[in-house]
Amino acid sequence: MPRRRPSVLRAQQWKPPCQFAWAAPWWMDAPRQPLPWPARIEGLSPRTTSAIHRVETRRRGENGLWPGVTEAGLRSYRGFLAASGRYLYLRRSRCPCDGCEPQEDVSVVRDLLEAVAVCLPPVARRELTALLTGLDEELRRRTLPDPYARRHAWRGGEWWHFRLYDETSHL
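Residue positions are given per chain, counting from 1 as you read along its sequence in written order. In keeping with the model being predicted, local features are shown solely for residues with a pLDDT of at least 70 and side-chain atom pairs are shown and tallied solely at 80 or more, while totals for entire chains, interfaces and linings include all residues. Remark: hydrogens and water are excluded; side-chain values derive from all non-hydrogen atoms of the structure.

**Q** In this structure, what is going on with the pattern of salt bridges? I would like to understand it.
**A** Pairs may arise between side chains of opposite charge once their charged atoms sit close together. What counts as a salt bridge is simple: a side-chain nitrogen of Lys or Arg found within 4 Å of a carboxyl oxygen of Asp or Glu. Applying the stated criterion across every chain yields a total of five salt bridges. In this structure, Arg110 and Glu114 form a salt bridge, with 3.0 Å as the shortest nitrogen-oxygen distance. Taken as a pair, Arg110 and Glu114 lie in helix H5 (residues 106-119) at a separation of four residues, close to a single helical turn. Burial classification: accessible surface area is computed with a 1.4 Å probe over protein chains only, and a residue below 20% of its type maximum counts as buried, one above 50% as exposed, and the rest as partly exposed. Judged by its relative accessible area of 5%, Arg110 falls in the buried class. Across the salt bridge formed by Arg142 and Glu138, the nearest N and O atoms sit 3.9 Å from each other. Taken together, the residues Arg142 and Glu138, both in helix H6 (residues 122-142) and four residues apart, mark about one turn of the helix. Judged by relative accessible area, Arg142 falls into the buried class, the value being 7%. Assessed through its relative accessible area of 26%, Glu138 is described here as partly exposed. One continuous salt-bridge network, built from bridges that share partners, spans Arg110, Glu114 and Asp136. Secondary structure elements are defined from DSSP: runs of H or I of at least 4 residues count as helices, runs of E of at least 2 residues count as strands, and each element is numbered from the N terminus.

**Q** Just checking my understanding: could you explain the nonpolar core for this structure?
**A** Note that soluble globular proteins tend to have their nonpolar side chains buried in a common cluster. In terms of nonpolar packing, the biggest core is built from 29 residues, with Leu74, Tyr77, Leu120 and Leu128 touching the most fellow members. Of all the secondary structure elements, the ones that give two or more residues to this core are helix H2 (46-58), helix H3 (69-81), H5 and H6. Contacts: residue pairs with any heavy atoms within 4.5 Å of one another. Discounting residues that sit within four places of it in the chain, Leu128 has contacts with Leu44, Ile52, Leu113, Val116, Ala117 and Leu120. To qualify as a nonpolar core, a set must consist of buried Ala, Val, Leu, Ile, Met, Phe, Trp, Tyr and Cys residues joined through side-chain atoms within 4.5 Å.

**Q** Honestly, the environment of Ser50 in this entry has me stumped. Any pointers?
**A** Turning to its location among the elements, Ser50 is positioned in helix H2. Ser50 sits in the partly exposed class, given a relative accessible area of 30%. Sequence-wise, Ser50 and Ala124 are 74 residues apart; in three dimensions their C-alpha atoms are separated by 9.3 Å.

**Q** Explain the confidence of the model for the protein chain to me, please; I cannot follow it from the model alone.
**A** Atomic detail in the predicted coordinates should be set aside for any region of low pLDDT. With 73% of its residues at a pLDDT of 70 or more, the protein chain shows a mean pLDDT of 78. As a per-residue measure, pLDDT reflects the predictor's confidence and takes values from 0 up to 100. Predicted confidence in the protein chain is weakest over helix H1 (residues 6-13), with a mean pLDDT of 70, and strongest over H6, with 95. Within the model, the stretch residues 15-31 combines pLDDT values under 50 with 22 contacts to residues more than four positions away or in other chains.

**Q** Looking at this structure, how should I read H5?
**A** Since the α-helix turns once every 3.6 residues, residues separated by three or four places project in the same direction. The length a helix should cover is 1.5 Å for every residue beyond the first. For H5, which comprises 14 residues, the first-to-last C-alpha distance of 20 Å matches the rise-based estimate of 20 Å (1.5 Å per residue) to within 8%. Counted residue by residue, H5 has 10 buried out of 14 residues, so it is predominantly covered. Turning to H5, its buried residues are Val106, Ser107, Val108, Val109, Arg110, Leu112, Leu113, Ala115, Val116 and Ala117.

**Q** What should I look at first to understand the packing of H3 against H5 in this one?
**A** Any two packed helices are characterised by how steeply their axes cross, that is the angle between the axes, and by the distance between the axes. Closest axis-to-axis distance for the H3/H5 pair is 9 Å, and the angle between their directions is 140 degrees. It follows from the interaxial angle that H3 and H5 lie oblique. Like other packed secondary-structure pairs, H3 and H5 cross with a definite hand, here left-handed. Residues Val69, Thr70, Gly73, Leu74, Ser76, Tyr77 and Phe80 of H3 touch H5, and the partners they reach there are Val106, Val109, Arg110, Leu112, Leu113 and Val116. Its residues assigned to classes, the contact of H3 with H5 comprises nine nonpolar, three polar and one charged. For helices, the fitted line uses only the C-alpha atoms of the stretch in contact; every axis is such a line through C-alpha atoms, and the angle between N-to-C directions lies from 0 to 180 degrees. Comment on the angle field: the value is read as roughly parallel under 35 degrees, roughly antiparallel over 145, roughly perpendicular from 65 to 115, and oblique elsewhere. In this scheme, a crossing is called left-handed if the near helix is turned counterclockwise away from the far one by less than a right angle; it is called right-handed if the turn is clockwise. Residue polarity follows a fixed list, in which Ala, Val, Leu, Ile, Met, Phe, Trp, Tyr, Cys and Pro are nonpolar, Asp, Glu, Lys and Arg are charged, and the others, Gly among them, are polar.

Shown next as structure tokens:
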């Protein structure tokens, strides 16, 4: 019976390295599930996309981060800015859970994007910050400042929390 060449055996055992990155370290009792391959984020290089994917998977659960939060956040942020009208008003989320809040409240999305940017290596951080700067300028231009924002205790510390909110969104 002929034997197989070692190169054929190695080729059958090879798996892509990133596709089988585990959600939890091997020493934890959490079930191991493969994470999805990092999707291409529009406006960012593949190297920055990979760095973002590493941060999202390693810091899973910290500050509301999960794999894919940056792509979903940028899509939500761009979708909010693409709305028609001269001025835009931020909307509070009706549901306080972690899944619904980023879909409705742009200030929460911006907080998540800032949390990702802080954790990135310098080159990737610079690229993501440059992308966010353009979106922030558009947000600052199309929303109005809230003169009474400092009176509300629920407002955060960054400038995007101090814009006018739509008062009918909570009804």
